[in-house]
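Coordinates in review
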Amino acid sequence: MLKGILQGCMLFLLAENELYGYAIGEALSKYGFDEIPKGTIYPLLMTMEKKGLLNSRMKSSPDGPNRKYYSLTAAGVVAKQTFANQWHVLSQSVERLIQEENNES
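Report on the accompanying structure. Worth saying up front: this structure is predicted, and the values here are computed from it rather than measured.

Looking only at helices and strands, the protein chain features four helices and three strands. Order of helices (α) and strands (β) in the protein chain, N terminus to C terminus: α-β-α-α-β-β-α. By the compact-globule yardstick of 13 Å for 105 residues, the protein chain is too spread out, its C-alpha radius of gyration being 16 Å. Within the span of the protein chain, comprising 105 residues, buried residues form 32% of the whole. Averaged over its 11 positive side-chain charges, the protein chain has a centre that lies 13 Å from the centre of its 11 negative ones.

Here the focus is the pattern of salt bridges. A complete count under the given rule lists four salt bridges for this structure. Where E18 meets R57, a salt bridge forms, and the shortest distance between an N and an O atom there is 2.9 Å. Here the residue E18 occupies a position in the loop between α1 (2-16) and β1 (19-20), and R57 occupies one in strand β2 (residues 54-61), the gap between them amounting to 39 residues. Judged by relative accessible area, R57 falls into the partly exposed class, the value being 46%. In this structure, K68 engages E49 in a salt bridge whose closest nitrogen and oxygen atoms are separated by 3.6 Å. Here the residue K68 occupies a position in strand β3 (residues 64-72), and E49 occupies one in helix α3 (residues 38-50), the gap between them amounting to 19 residues. The exposure class assigned to E49 is partly exposed, which follows from its relative accessible area of 25%. Among the ionic contacts, a cluster of salt bridges with common partners joins E18, R57 and K59.

A few words now on the sheet that holds β3. In spatial order, the strands read β1-β3-β2; together these three strands make up an open sheet with antiparallel pairing. Only two strands of the sheet have a single partner each, and these edge strands are β1 and β2. For β1 and β3, the ladder comprises two bridges, and the chain directions are antiparallel. By the bridge assignment for β3, L19 is matched with Y70. Against the sheet, α3 makes contact with β2 and β3, and its axis sits at roughly 125° relative to β2, the strand it touches most.

So, on to α3. When the terminal C-alpha atoms of α3 are compared, their 19 Å separation across 13 residues agrees well with the 18 Å that a helix rising 1.5 Å per residue should span. The positive-phi residue at the C-terminal boundary of α3 is G52, with phi of around 85°.

Before going further, it helps to examine the packing of aromatic side chains. Pairs of aromatic rings are described using the distance from one ring centre to the other and the angle between the two planes. This structure, assessed with the given rule, holds three aromatic pairs. Taking the centre distance of 6.3 Å and the plane angle of 25° together, the rings of F83 and W87 count as stacked. Of this pair, F83 and W87 both sit in helix α4 (residues 74-104), separated by four residues, roughly a single helical turn. Judged by its relative accessible area of 16%, F83 is buried. In this structure an aromatic cluster arises from ring pairing among F12, F83 and W87. Directly above the aromatic system of Y69 lies the positively charged group of K59, at a separation of 4.5 Å from the ring centroid. Stacked on the ring of F12, the Lys or Arg K80 has its end atom at 4.8 Å from the ring centre.

What counts as what
- Residues numbered from 1 in each chain as written.
- Predicted model: local features only at pLDDT ≥ 70, side-chain atom pairs only at ≥ 80, totals over all residues.
- Heavy atoms only, no water.
- Helix = DSSP H or I, 4+ residues; strand = E, 2+ residues; numbered from the N terminus.
- Rg over C-alpha atoms; globule rule 2.2 N^0.38 Å.
- Buried < 20%, exposed > 50% of the residue type's maximum accessible area, 1.4 Å probe, protein only.
- Lys, Arg positive; Asp, Glu negative; His and termini not counted.
- Charge placed at Lys NZ, Arg CZ, Asp CG, Glu CD.
- Salt bridge = Lys/Arg side-chain N within 4 Å of Asp/Glu carboxyl O.
- Pairing = 2+ DSSP bridges.
- Contact = heavy atoms within 4.5 Å.
- Axes fitted to C-alpha atoms, helices over the stretch in contact; angles between N-to-C directions.
- Expected span 1.5 Å × (residues − 1).
- Phe/Tyr/Trp six-rings, centres within 6.5 Å; stacked < 30°, edge-to-face > 60°.
- Lys NZ or Arg CZ within 6 Å of the ring centre and 35° of its normal.

Honestly, it's all geometry; don't read function into it.
Right under this line is the structure:
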């Protein structure tokens with residue numbers, strides 16, 4: 001489940017800006033995803049690219065070797081919206097469950 005949520009969050013980050021792997025990890029950390037191992041992000045990016053959700057291109061870096069930057073494809077934009085819709089339904093369902101439990105306590 002977390003993998004699907006992480007993918008959806010990465011789609012949202014990449015909809016805003018073209019980013020490279022480490023920068024994606026840093027951005028996720030800003031939103032509270034501190035416990036995500038950096039080694040999780042790169043395989044997920046490769047999977048998302050193979051699914052056609054992302055494009056990538058190499059760009060030079062002022063800090064060393066070239067970096068691989070990722071951006072959304074048209075399919076990635078659709079996947080982002082699908083994730084947002086599914087998240088809305090899921091979060092409402094979980095919230096109702098929690099509220100019902102709190103009301104019974």
